Each structure stands twice: as C-alpha cells, then as structure tokens.
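These are the residues of each chain, in order.
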Amino acid sequence: MSAEIQVPAGAPAHAASARFETWLWIAQRASAVVLALCVLVHLVTIIYAVRHGLTGAAILGRTRGNTAALAFYALYVLAIAVHAPIGLRTLCQEWLGWRAASLNWLIGALALALFVFGLRAGWAVFLG
Amino acid sequence: MDMLKVSVWRGAASGEYRSYEVPRQESQSVLDVVTYIQRSIDPTLSYRFACRVGMCGACAMTVNGVARWTCRTHVAKVAKNNTLQIAPLANLPVIKDLVTDMREFFDKWARARGQFVSGAGTTRKDDFARVAADSPERVAANAGIECIGCGVCYASCDVVSWNPDYLGPAALNRAWTLVNDVRDGARAERLAAVAGDAGCHACHTHLDCSERCPKNIAPTASIAGLKRAVMLAALKGEL
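Please read these numbers as outputs of a predicted model, since none were measured by experiment.

How each quantity is defined
Counting starts from 1 at the beginning of each chain's written sequence and moves along it residue by residue. As a convention, the first chain written is A and the first ligand written is 1, with the rest following in written order. Two thresholds apply to this predicted model, a pLDDT of at least 70 for residue-level local features and 80 or more for giving and counting side-chain atom pairs, whereas whole-chain, interface and lining totals are computed over all residues. No hydrogens and no water enter the side-chain calculation; it runs on all heavy atoms of the structure. Numbering of helices and strands starts at the N terminus; helices are DSSP runs of H or I of at least 4 residues and strands are runs of E of at least 2. Residue burial is assigned from relative accessible area. The probe radius is 1.4 Å, only protein chains are included, and a residue is buried under 20% of its type maximum, exposed over 50%, and partly exposed in between. Contacts between residues were defined by any pair of non-hydrogen atoms, one from each residue, lying within 4.5 Å. Surface exposure here means Shrake-Rupley accessible area, sampled with a 1.4 Å probe, where a residue is shielded only by the protein chains that are shown. Any pair of Phe, Tyr and Trp rings, taking the six-membered ring for Trp, is counted once the centres come within 6.5 Å. Such a pair is stacked with planes under 30 degrees apart, edge-to-face with planes over 60 apart, and tilted for the rest. We call a charge positioned over a ring when the NZ of a Lys or the CZ of an Arg lies within 6 Å of the ring centre and within 35 degrees of the ring normal. For every residue, the predictor assigns a confidence score, pLDDT, that lies between 0 and 100. Note that the domain bounds were set by an automatic or database domain assignment. Values labelled buried area give the accessible surface lost by two parts on being combined, using a 1.4 Å probe and summing over both. Basic side-chain nitrogens of Lys or Arg form a salt bridge, by our definition, when they fall within 4 Å of a carboxyl oxygen of Asp or Glu. Two N or O atoms count as a polar contact when they lie within 3.5 Å, although within protein this holds only if one can serve as hydrogen donor and the other as acceptor, and sequence-adjacent residues are included solely when both atoms are side-chain atoms. Note on residue categories: nonpolar means Ala, Val, Leu, Ile, Met, Phe, Trp, Tyr, Cys or Pro, charged means Asp, Glu, Lys or Arg, and polar means any other residue, Gly included. Directions are taken from the helix axis to each C-beta atom, and the arc is the one they span. Two strands qualify as a pair provided that DSSP identifies no fewer than 2 bridges between them. Inter-axis angles, ranging from 0 to 180 degrees, are taken between N-to-C directions of lines fitted to C-alpha atoms, where helices are fitted over the stretch in contact. To form a nonpolar core, buried Ala, Val, Leu, Ile, Met, Phe, Trp, Tyr and Cys residues must be joined to one another through side-chain atoms within 4.5 Å.

(A) Representation of the overall build of chain B. Regarding its fold elements, chain B presents 10 helices and seven strands. Across its three principal directions, the C-alpha atoms of chain B cover 65 × 35 × 25 Å. Per-residue burial for chain B yields a buried fraction of 50% across its 239 residues. Within chain B, residue pairs in contact and separated by at least 24 positions form 63% of the contacts whose partners lie at least 6 positions apart. Here chain B has roughly 11,500 Å² of accessible surface; of this, 51% comes from carbon and sulfur atoms.

Pasting the structure below:
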C-alpha cells in the first residue's frame, strides 16, 4: 500500500488502540440489542406479577427449578455486565477526563462484580 | 439613520467586548458590519475573510452565540433589537479579535487521513477511473464533498469542547468521503485513524454540526457511516 501520508505530531496517545475501542463499541451496541429485549420481558413479567397480586412465595414457586428463567436472567445479567461498564467508562473519560489504564481495570472489575452478583441473584431465585 | 449596536470581541484568550455603532443598511451581511467597523471606526480590528460569496470558508465567526459564515449571514436574520454580538469561533485558540488559530482544526484533517491516496499499483499513465454517478459510494461521497472548511461545525460541537483530541465533524466527514472513493488506497489506515475515543466513536449525535453547517452537509451521517465501516472492518479482522 502506497500510503505515505504526512501526519502532524500530537496524535493522542490514548487513541492508540483503535481496535480495542471499536470492539468495546460493538460490544456495547450488541448488548444494547439484547437488553432491549430482556428489559421488555422483565418489565412485562413484573407488571404481570403485580397486577395478578402474586406473592413473593408464589413467584419463587414459579422460578424455583425453572431453567428457562435462569437462562433468561443469566443472559440479562451478562448483557448488563457488558453494557453498563462500557457506558460508565465513556462517562469517566468525558466528564472526568480520566483516560488512564487504571480506568480499564476499574471498569473490568465493575463488569465482573455486576456479573457475579447478578448471577448470584438469579441462582438464588432458581434455588428458591 | 437606523444604527446597529454591535459588540465585538477584542483581545485574545483574555479580552473584552467593545461596542460600536454601525449604520444599518438593506441586505447587509454580518461581514459587511465587521468590515465597516474596521474601515470606518477602528482599523486595529483583526478578522479574516477572502471570497465574500460563501466559497472559501474564511469568515466564520460566532454571531449572537451561534457559529455562522458571516458573508452569507444577513443582519436581518440574526440581529435582535438591532444588536449583534460578534466573537471568534469557539473551540479554537484566539490569535487576535475575531481571528482564530485554525492549525489544530486542519491538523486533525491530516490525522483523520484526509488526503487522497491512490491505490497500490496505479500510475499516472492509467486511464481515468470511471465512477458511476449513481453508485452508492459516489452518492455517499457527494453528500459530504462540498465542505469549505469553515470550522462552523467544529466550533459548534460539544464533544470537541469536552475532548480536545476529538477529530471533529469536518475531519471525520472528509475521511468518510474518501472511504467512499473507490480509487482510495488507504482504507484500512484511514478507518484505524478515525476509530476510537478521539474519532467517530466519540460522537454523541447531538447534530449541532448538521444543524449549523452552512453548506447543509450532515457530518453526523458521515460519522455514522464511519462507525458502520469501522465495525465491519473490525468484524472482518481488517482493522
């Protein structure tokens, strides 16, 4: 490729990893698609449960041993764990000007925490 | 005679607004007003213009808080109660009065690989490339190609004001026209250059650039196009 372009100095160091940033962007958009569906199902389920006056025990009765519900909430939690930290990362970059590598570690830890605690909650209603 | 009350930024990063009285005339442009002040009231006023007909992009300023090309902006359209406030473009360092330093703006065009690069193996002896006028690529390039580099979009962009490294609407729009140039030989490098936190992914689609562009270009659409192109390149492992 004969691309001999004169590029002025001063290109930002934090923009070095175009591939990493692009994959984060793709992951956030893809997880948003999953979330759009999951949030809808989740809200409809809540409204259904409330309008029919289901008790906590009755709800647990339906979720206990329900692998479909567990699979659904596992997917939901995974989408949240991917989506939310990436958005928070962007907020930290734009609002706080925080663009150091330490931000990626914090965001990674947050993603893991959301996934673990979310899955723990899903597992709890599965066990009932 | 009807008089316009005009307050004009004087100084550089620090300075003050100074007031001038300018005779109101029919079909008067904002550039006419600035020119009157310099030629008839205060010759030390600095500003930039060249063509006066909306081709060169030199005369953009902030008029009553909004970035505009002043040669094609009628006073009648923007003056409120016969008053005007004229300032240099935002998001750019001020050299003096209404003159901004455009270096960073144009350096970003270069950083976004805004130069045409011919494809590998082509020579000047080749025949002209034939590009069908109605091909999707040509149509997409056409939509963004009339940019005059005035900096109005850049001065209007919130993301530029938050992140000074952001390449900005004009540079990204330029890159998009080249991504759609079928003769282009630097696609992969260009897509890598416009990806990420300082590139197309930083755009919040506030649409200020598209709203304000005097040439009615929609850089937001160009940036969305870049996001798609970069995503496809990443999925194909070409980024």
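(B) Inspection of the overall build of chain A at higher detail. Helix and strand counts for chain A stand at four helices and zero strands. In chain A, the succession of helices and strands from N to C terminus is α-α-α-α. Counting every position in chain A, which comprises 128 residues, the buried fraction comes to 25%. If you take every contact in chain A between residues at least 6 apart in sequence, the share linking residues at least 24 apart comes to 78%. Accessible surface for chain A amounts to roughly 8,100 Å². Of this, 73% is attributable to carbon and sulfur atoms.

(C) Just the packing of aromatic side chains, in detail. Residues and elements named next belong to chain B. On inspection of all chains with the given rule, the structure shows 10 aromatic pairs over all chains. With 5.1 Å between their ring centres and 75° between their planes, Trp 9 and Tyr 17 make a pair best called edge-to-face. Exposure remark for Trp 9: the relative accessible area of 15% places this residue in the buried category. Seen in terms of ring centroids, Phe 106 and Trp 109 are 5.7 Å apart; in terms of plane orientation they differ by 50°. Their pairing is tilted. Separated by three residues within a single helix, Phe 106 and Trp 109 lie in helix H3 (residues 103–111), roughly one turn from each other. What makes Trp 109 buried here is its relative accessible area of 17%. Among the aromatic residues, those joined into a cluster by ring pairs are Phe 105, Phe 106, Trp 109 and Tyr 154. Lying over the aromatic face of Phe 116, Arg 183 brings its terminal NZ or CZ to 4.6 Å of the ring centre.

(D) Highlighting the confidence of the model for chain A. Confidence along chain A averages 88 in pLDDT terms, with 88% of residues attaining 70 or more. Segment residues 12–16 of chain A: pLDDT under 50, and eight contacts once partners within four positions in sequence are set aside and those in other chains are kept.

(E) Just the domain arrangement of chain B, in detail. Residue and element names in this part refer to chain B. As far as domains go, chain B holds domain 1 (3–100) and domain 2 (103–235). Contact residues are listed per partner, giving 13 residues for domain 1 and 15 residues for domain 2. Surface buried jointly by domain 1 and domain 2 totals about 1,100 Å² across both partners, of which 65% is contributed by carbon and sulfur atoms. Ranking the residues of domain 1 by area buried against domain 2 places Ala 67, Trp 69 and Asn 91 at the top, with a combined share of 46%. Summed over the shared surface of domain 1 and domain 2, the result is zero salt bridges. At the junction of domain 1 with domain 2, the criterion picks out three residue pairs in polar contact (both at pLDDT 80 or more). Looking at the side of domain 1 that touches domain 2, the element that brings in the most residues is strand E4 (residues 66–69), giving four residues. A per-class count over the side of domain 1 that touches domain 2 returns nine nonpolar, three polar and one charged.

(F) Representation of helix H8 (residues 187–194) of chain B in the model. Residues and elements named next belong to chain B. Of the residues making up H8, those classed as buried are Arg 190, Leu 191 and Val 194. The buried side chains of H8 occupy one side of the element, clustering within an arc of 100° when seen end-on. Elements that come into contact with the buried residues of H8 comprise helix H7 (169–179) and helix H10 (219–235). Where H8 ends, the next residue or the one after it, Gly 196, has phi of about 95°, a positive value.

(G) Region of interest: the sheet that holds E4 of chain B. All names here are of chain B. Spatially, five strands are ordered E2-E1-E5-E3-E4 in an open sheet, and the strand pairing comes out mixed. The open sheet is flanked by strand E2 (15–23) and E4, the only strands paired with a single partner. For this sheet the average axis-to-axis angle between neighbouring strands, irrespective of direction, equals 35°. In terms of strand pairing, strand E3 (residues 60–63) meets E4 through four bridges, oriented antiparallel. Residue pairing across strands places Ala 60 opposite Trp 69, the latter belonging to E4. Contacting strand E1 (3–11), E2, E3 and strand E5 (83–87), helix H1 (residues 30–41) crosses the sheet at an angle of about 95° to E2.

(H) How the structure looks around the nonpolar core. In terms of nonpolar packing, the biggest core is built from 44 residues, with Phe 105, Tyr 166, Leu 172, Leu 191, Val 194, Leu 226 and Val 230 of chain B touching the most fellow members. Broken down by secondary-structure element, the contributors of at least two residues to this core are helix H1 (18–51) of chain A together with E4, H3, helix H5 (152–156), helix H6 (158–162), H7, H8 and H10 of chain B. Two domains share this core, each providing at least three of its residues, namely domain 1 (3–100) and domain 2 (103–235) of chain B. Those residues in contact with Val 194 of chain B that sit more than four places away from it in its chain are Ala 112, Leu 167, Leu 172, Ala 175, Gly 199, Cys 200, Leu 226 and Val 230 of chain B. Among the nonpolar cores identified, the runner-up in size contains 21 residues, and Val 30, Ile 37, Tyr 47 and Val 75 of chain B belong to it.

(I) Local environment of the pairing of E3 of chain B. Residues and elements named next belong to chain B. Side chains Ala 60 and Thr 62 of E3 all project onto a buried face; the interleaved residues Met 61 and Val 63 project onto the opposite face, where all are buried too. Hairpin geometry of E3 and E4 is characterised by an intervening segment of two residues between the two adjacent antiparallel strands and by a positive phi of about 45° at Asn 64. Here E3 pairs with E5 via two bridges, running antiparallel. Across the sheet, Val 63 pairs through a bridge with Ile 86, a residue of E5.

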